Amino acid sequence: VWLPLPHLLNAIPVQIDAFYRSGASAVAISVVSFAIATAAIVWIVVLVTDSTWAGVAAGVVFALNPNVLYLQATPMTEPLLICLCLVALALLLNQPCSIRLTGTTLALACLTRYEAWPVTVTALTIACSARWRSGASWRDATRWTASLALFPALAIIGFTICSRIVVGQWIASDFFVPENTALGRPYEALKQIGWGVRAMSGTALTVIAIAG
């Protein structure tokens, strides 16, 4: 069901039981991804505006976003996705970009989460148009874009073949979603929320929060 890159990166570290139980190795990947993503945003804005201060401001806005700060502290796959997409976009903007490096980064993003697939298609379409408008012939712009698209295309094709072999579907979509016992029962839903808050924050902090 899930795209393989995050799991391949964690495959060796989680052989250490403490890393598996705590998610420490996956959190480390998220933290590094967060740092690289912030740097990529600064790079992108400086390329577009030619202003270091604008780049720093953009990086600060991203780095201090509470949602982003939460994600970078979790063993989830979104930070790696954000990192790879932003680096790929920065490379596309940095002309002349390395086709191999940019294409590989896009391919890695496409092997991280499905959201990278439409991002890649959109970015390459815009890049092709921009290259054509900057003076390249339509044929040259298309050929250049195709050479970049080859990398993520091969990654996606490889994944779908693997999915077909392993689970019998080209793109597996059989997620297990347990029935929520609180569905249509507001009081039960409030009890679950209360339990979750206490489990995550502790009783003392919950009481202080309610008092506040």
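Residues numbered from 1 in each chain as written. Predicted model: local features only at pLDDT ≥ 70, side-chain atom pairs only at ≥ 80, totals over all residues. Heavy atoms only, no water.

Caption draft 1: Expanded view of the side chain of Gln72. Mapped onto the fold, Gln72 is located in helix α5 (residues 66-72). Non-local contacts of Gln72, meaning those with residues more than four positions away in its chain, are made with Val27, Ser30, Val31, Phe34 and Pro79. (Helix = DSSP H or I, 4+ residues; strand = E, 2+ residues; numbered from the N terminus. Contact = heavy atoms within 4.5 Å.)

Caption draft 2: Spatial organisation of the pattern of salt bridges. Following the criterion strictly, the structure yields five salt bridges and no others. Of the charged contacts, one joins Glu115 and Arg113 as a salt bridge, the two residues approaching to 2.9 Å between their closest N and O atoms. Relative accessible area serves as the criterion here: at 37%, Glu115 is assigned to the partly exposed category. Taking relative accessible area as the criterion, Arg113 reaches 17% and is therefore assigned buried. Put simply, Arg143 and Asp140 hold a salt bridge, and the shortest N to O gap is 3.0 Å. In this pair, Arg143 and Asp140 both sit in helix α9 (residues 138-167), three residues apart, roughly one turn of the helix. For Asp140, a relative accessible area of 39% puts it in the partly exposed group. Shared partners join several salt bridges into a network, and the residues in it are Glu78, Arg113 and Glu115. (Salt bridge = Lys/Arg side-chain N within 4 Å of Asp/Glu carboxyl O. Buried < 20%, exposed > 50% of the residue type's maximum accessible area, 1.4 Å probe, protein only.)

Purely geometric stuff here, so don't read any function into it on its own.
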